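Analysis of the macromolecular model
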Amino acid sequence: MTSLQSIRKSIKNLRTLGKVEHQSQYKLVRSGSTIVLVDGEEAIDLLRQPGNIVLAGMADVFREFDGRVGHVLPFQQPVPGVVVDPEIRSGFPVVEGPSDRVA
């Protein structure tokens, strides 16, 4: 959970970076112990090192996390028995088993 103090500091730093539009125009994401602004393909730190571009590995994107509506499971195996693999049906979720390799 992110503290209200951290959120306020992030919004202040957002404004310092010249982002003065309504807050709904920006996508802010918690990333580990910081909050980042997702701006196109960039992620800019707003809390720990304000203004620095954050590099996120794909492992961070696909890992499980606690979301607004509960716990979100890892992307590559969203629920037991279902698998997401780019080699199987172009990454469409399928039931796991020996027949999932059939083209």
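Coordinates for the structure precede this section.
The following refers to the structure shown. Just so you know, these numbers come straight off a predicted model, no measurement behind them. Residue indices follow the written sequence of each chain, beginning from 1 at its first position. Local features in a predicted model are, by the rule used here, given only for residues with pLDDT of at least 70; side-chain atom pairs are given and counted only at 80 or more, and totals for whole chains, interfaces and linings are based on all residues. Only hydrogens and water are set aside when side-chain values are computed; all heavy atoms of the structure are taken into account.

This part takes up the overall build of the protein. Helix and strand definitions follow DSSP, with helices as H or I runs of at least four residues and strands as E runs of at least two, each counted in order from the N terminus. If you tally the helices and strands in the protein, you get 2 helices and 7 strands. The order of helices and strands in the protein, counted from the N terminus, is α-β-β-β-α-β-β-β-β. Counted over contacts in the protein with a minimum sequence separation of 6, partners at least 24 positions apart contribute 18%. The contact criterion used throughout is that any non-hydrogen atoms of two residues lie within 4.5 Å.

Take the side chain of Asp45 next. Within the fold, Asp45 resides in strand S3 (residues 42-45). Buried charge without a salt bridge: Asp45, with Arg48 as the nearest opposite-charge side chain at an N-O distance of 6.8 Å. Here Leu47 takes part through its backbone nitrogen, which lies 2.8 Å from a polar atom of the side chain of Asp45. Burial classes follow relative accessibility: with a 1.4 Å probe on protein chains only, a residue under 20% of its type's maximum area counts as buried, one over 50% as exposed, and anything between as partly exposed. Counted as positive: Lys and Arg. Counted as negative: Asp and Glu, with His and the chain ends omitted from the count. What counts as a salt bridge is simple: a side-chain nitrogen of Lys or Arg found within 4 Å of a carboxyl oxygen of Asp or Glu. What qualifies as a polar contact is a pair of N or O atoms within 3.5 Å, subject to a donor-acceptor requirement within protein and to the restriction that residues adjacent in sequence count only when both atoms come from side chains.

Moving on to the side chain of Thr34. With respect to the secondary-structure elements, Thr34 resides in strand S2 (residues 34-39). Relative accessible area serves as the criterion here: at 8%, Thr34 is assigned to the buried category. Only 2.6 Å separates the side chain of Thr34 from the side chain of Asp45, close enough to count as a polar contact. Dropping the residues within four chain positions of it, Thr34 is found in contact with Val29, Asp45, Leu47 and Arg48.

Moving on: the pairing of S2. The pairing criterion is simple: DSSP has to find at least two bridges between the two strands. Here 5 bridges tie strand S1 (residues 27-31) to S2, and the two strands are oriented antiparallel to one another. Bridging across to S2, Arg30 finds its partner in Ile35. Connecting S1 to the antiparallel partner S2 that follows it, the hairpin turn spans 2 residues, and Gly32 within it adopts a positive phi of roughly 65°. By the bridge criterion, 4 bridges tie S2 to S3 in an arrangement that is antiparallel. Each residue of the ladder has a partner; that of Val38, found in S3, is Ala43. The loop that links S2 with its antiparallel partner S3 comprises 2 residues; one of these, Gly40, has a positive phi angle of about 70°.

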